[in-house]
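# Topology and contacts: notes
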Amino acid sequence: MSGSGGAAEVVYSCGYFRLYKDGHAERTRAACLTTPAGFDAETGVTSRDVVIDDATGVAARLYLPAAQPAAARLPVLVFYHGGYFVVGSPSHPLFHRYANALAAAARAVVVSARYRLAPEHPLPAAYDDAWAALRWVASGADPWLADHGDLRHVFLSGVSAGANIAHNIAVAAGLRAGTTPAAARVEGVILLHPSFASEQRAEEEDEGFWRSNKVRWGVIFPGANGGLEDPRINPMAAGAPSLAKLAGERMLVSTASEDPRAPRGRAYCDAVRASGWRGQLTRFESEGEHAFFVSEHGSREATKLMDRVADFVGGH
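Looking at an unreviewed UniProt entry, one finds the protein chain named Alpha/beta hydrolase fold-3 domain-containing protein and attributed to Urochloa decumbens.

Next comes the structure, spelled out in C-alpha cells:
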C-alpha cells in the first residue's frame, strides 16, 4: 500500500484503499496499477496521453477508433473514471480496457480525463479538473479532436464517482451556457451506476452503506455545504440547481440490481423527469453488482450495457 497509517483511525476501508480520519489514504497496489497508452490489437483503437494543465496535473488519455474515411467526423465522449474519488486513473488497466472497448463500440473519440484524487486534493478539486477537461475538449486544440472529432456531438459519461462528476459537469454546462466555445455542444449524458447520497437515508437504502458513505464524504470533502446535503452529492437537496437546467438533449442512466447505489439512481431519474427538463431520459437496469461492466468485461450483462451505450451515442 502507498502511505502509512500508524495508529490513526480508519474511517473507511474497501478492497482498494483505507481512508483515515486525519485525512490521508493508503491505496493497495492493485488500485495503483497502470498500463501504457498505444495500439490495442483487440479493438483496433489507438490511445495517447496529453497534459491539459501543467499546474494542476489535469491530463487525459485520448482514444481513436480504427481508420475511418478522411471526411468522417466522430462524436466525442468525455469519460470520467470511478473510484470513490480516491483511486483510479485513465491508465488503470481496467479503465483503459473499458475505454478502448467504448471507443470501438460507440465509434467515438473518447477523452478519459485524469482528475486529482482526494483526500490529498479534497473535493471540489475533481469537479474543477473535470470542468477544465471539458473546456479543453471544447477548444478543439488537440489534433485528434480537430481532425476526427465532431464537437457538435459531445457526450459526458462516467462510472460511479465518475458518473457523479459527469452529472455535475452537465449541471455546470447547463448553467454556464455560452461560456464554452460555440462550436462545442453537449448532446447527451451517460451516467453509469452513479453515486449520490443524502443526510436522510432512503427507505430502500442499506443502512451500513449509507453510514459509510456519510463518513467517507466528510473526509474527502470537508468543505461540503451541509455534508451529504451538498448539491454535488445530493442533486435533489434544497437549494440545488434545478435539474431542468441540465445540459444535453438525451440522458441514459444505468443502474444495477445488486448495487446499493441503485435506489438513488432510480430516484434521480424520477427527479429529472419531474423537473421539467426537456430532454429524453432512459434508464437501463442490469443484473449484477456495482460497476460490474468494468471488471467483468465481455460478460453477457456487460455486453448488453455496452450495446445500449453505443446505440445511445450512435443515435445522434
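Additional details are given in the paragraphs that follow.
### Considering the overall build of the protein chain
For the protein chain, the count of helices and strands is 8 helices and 12 strands. Here the C-alpha coordinates of the protein chain stretch approximately 60 × 45 × 40 Å along the principal axes. Within the protein chain, the fraction of its 316 residues that count as buried is 55%. Per element, the accessible surface of the protein chain, about 13100 Å² overall, is 50% carbon and sulfur.

### Brief notes about a negative patch on the surface
A cluster of acidic residues, Glu258, Glu287, Glu289 and Glu296, forms a negative patch at the surface. Inspection of the secondary structure assignment puts Glu287 in the loop between strand S12 (280-286) and helix H7 (292-295). Using a relative accessible area of 56% as the deciding quantity, one classes Glu287 as exposed.

### Here we look at the nonpolar core
Soluble globular proteins tend to bury their nonpolar side chains together. If you look at the biggest cluster of nonpolar residues, it comprises 75 residues, and the most contacted ones within it are Tyr80 and Trp217. Once residues within four sequence positions are removed from consideration, Trp217 is found in contact with Phe85, Leu123, Tyr127, Pro222, Ala224, Gly227, Leu228, Asp230 and Ile233. Val110, Ile190, Leu192 and Phe292 belong to the second-largest nonpolar core, a separate cluster that totals 30 residues.

### Description of helix H4 (residues 161-175)
The α-helix advances 3.6 residues per turn, and as a result positions three or four apart in sequence lie on the same side. Spanning 15 residues, H4 covers 21 Å between terminal C-alpha atoms, matching the ideal 21 Å at 1.5 Å per step. Buried residues dominate H4, accounting for 13 of its 15 residues.

### Concerning the packing of aromatic side chains
Summed over the entire model, instances satisfying the criterion amount to 11 aromatic pairs. Taking the centre distance of 5.3 Å and the plane angle of 75° together, the rings of Phe17 and Tyr84 count as edge-to-face. Note that Phe17 is positioned in strand S2 (residues 17-20) and Tyr84 in the loop between strand S7 (74-80) and helix H1 (93-106), a separation of 67 residues in sequence. A ring pair is formed by Tyr98 and Phe293, whose centres lie 5.5 Å apart and whose planes are at 55°; its orientation type is tilted. One end of the pair, Tyr98, is in helix H1; the other, Phe293, is in helix H7, and 195 residues separate them in sequence. Since its relative accessible area comes to 4%, Tyr98 is described here as buried. Over the ring of Tyr12 we find Arg216; its NZ or CZ atom is 5.5 Å from the centre of that ring.

### Description of the packing of H1 against helix H8 (residues 300-314)
A packed helix pair is summarised by two numbers, namely the angle formed by the two axes and the spacing between the axes. Remark: H1 packs on H8, axes separated minimally by 9 Å, with the N-to-C direction vectors making an angle of 50°. Considered as vectors, H1 and H8 are oriented oblique to each other. As for the relative orientation of H1 and H8, their crossing is right-handed in sense. For the pair H1 and H8, contact is made by Tyr98, Ala101, Leu102, Ala105 and Ala106 and by Met306, Val309, Ala310 and Val313, respectively. Considered class by class, the residues forming the contact of H1 with H8 number 9 nonpolar, no polar and no charged.

About the cut-offs
Residues numbered from 1 in each chain as written. Predicted model: local features only at pLDDT ≥ 70, side-chain atom pairs only at ≥ 80, totals over all residues. Heavy atoms only, no water. Helix = DSSP H or I, 4+ residues; strand = E, 2+ residues; numbered from the N terminus. Buried < 20%, exposed > 50% of the residue type's maximum accessible area, 1.4 Å probe, protein only. Areas by Shrake-Rupley, 256 points an atom, 1.4 Å probe, with all protein chains shown as cover. Patch = residues over 30% accessible without salt bridge, like charges linked within 9 Å, V, L, I, M, F, W, Y side chains within 5 Å. Salt bridge = Lys/Arg side-chain N within 4 Å of Asp/Glu carboxyl O. Lys, Arg positive; Asp, Glu negative; His and termini not counted. Charge placed at Lys NZ, Arg CZ, Asp CG, Glu CD. Core = buried A, V, L, I, M, F, W, Y, C linked by side-chain atoms within 4.5 Å. Contact = heavy atoms within 4.5 Å. Expected span 1.5 Å × (residues − 1). Phe/Tyr/Trp six-rings, centres within 6.5 Å; stacked < 30°, edge-to-face > 60°. Lys NZ or Arg CZ within 6 Å of the ring centre and 35° of its normal. Axes fitted to C-alpha atoms, helices over the stretch in contact; angles between N-to-C directions. Parallel < 35°, antiparallel > 145°, perpendicular 65-115°, else oblique. Left-handed = near helix turned anticlockwise from the far one by under 90°. Nonpolar A, V, L, I, M, F, W, Y, C, P; charged D, E, K, R; others polar.

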